[in-house]
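# What the coordinates show
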Amino acid sequence: LKAAKSIRPDPSATGIMAVRRSPLACVVAVGVALLSAHQLCHDFVSPVPPVSTRGDRVARNIFGLGGSGNSGNSVTEKDVRQAQKLWANSIKKISKTYLDGGDYIGEAAEAAGKLYGYGHSNVLFKPTKAKDYQFRPMASQAMSYFVGGGVVDDGIDEDAGFAINGGKGWPDVVF
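Remember, it's a predicted structure, so these values are computed and weren't measured experimentally. (Residues numbered from 1 in each chain as written. Predicted model: local features only at pLDDT ≥ 70, side-chain atom pairs only at ≥ 80, totals over all residues. Heavy atoms only, no water.)

## Some thoughts on the pattern of salt bridges
To be explicit about the condition: Each salt bridge in this description consists of a side-chain nitrogen of Lys or Arg and a carboxyl oxygen of Asp or Glu lying within 4 Å of one another. Segments assigned H or I by DSSP are reported as helices when at least four residues long, segments assigned E as strands when at least two residues long, and all are numbered from the N terminus. To sort residues, take the accessible area from a 1.4 Å probe on protein chains only and compare it with the maximum for the residue type: under 20% means buried, over 50% means exposed, and anything in between is partly exposed.
One pass over the structure, following the stated rule, counts 7 salt bridges. A salt bridge links R81 to E77; the shortest N-O distance between them is 3.1 Å. With R81 and E77 both in helix α3 (residues 77-99), this residue pair falls 4 residues apart, about one helical turn. Judged by its relative accessible area of 55%, E77 is exposed. One continuous salt-bridge network, built from bridges that share partners, spans R136, E158 and D159.

Shown next, in the form of structure tokens:
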């Protein structure tokens, strides 16, 4: 594997979320997020039936817990690409729903369940742009980050709505 490049916004990609990455950085980032969503903070999550098992299946495949025939505990490039695609498509769907005047909060809740396990597994989420409240083990705290603190009960003031780009939306998400 090549040495990890820094992960930062691509200034040439106006209006598009672009991330420079190496395979190692992707494996680490996706692995940490999925393992956290699958293993930690059970006491903070209310039991709700899963909206989808796709996120759980991706996590199980990546960590060799059965499913896709991925023997051992190795993470394949296919696993990383699949997780990235699911995440990118979820952010674009939330953003489009917001810009179209639809139920973007509902879309964000469904995505949080698929991507992070809120509602049906343990979660320890560390939002990228969070400064005052750096960890979000409760689903309501994650929703505040994704859709904005002003539109959810007990929202956090620093949250502008990452999934809706602070109200501007994301036309695309590129890894």
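From this point on, the discussion continues.
## Here we look at unusual backbone geometry
Located in the positive-phi region is D154, a residue other than glycine, with phi close to 55°. With respect to the helices, strands and loops of the structure, D154 is situated in the loop between α5 (139-147) and β2 (173-174).

## Comments concerning α5
We apply this condition: Contacts are assigned to residue pairs with any non-hydrogen atoms lying within 4.5 Å of each other.
For α5, the full list of buried residues reads A142, M143, S144, Y145, F146 and V147. Residues of α5 that are buried sit in contact with α4 (104-116). Phi for G148, located one or two positions after α5, is positive at around 110°.

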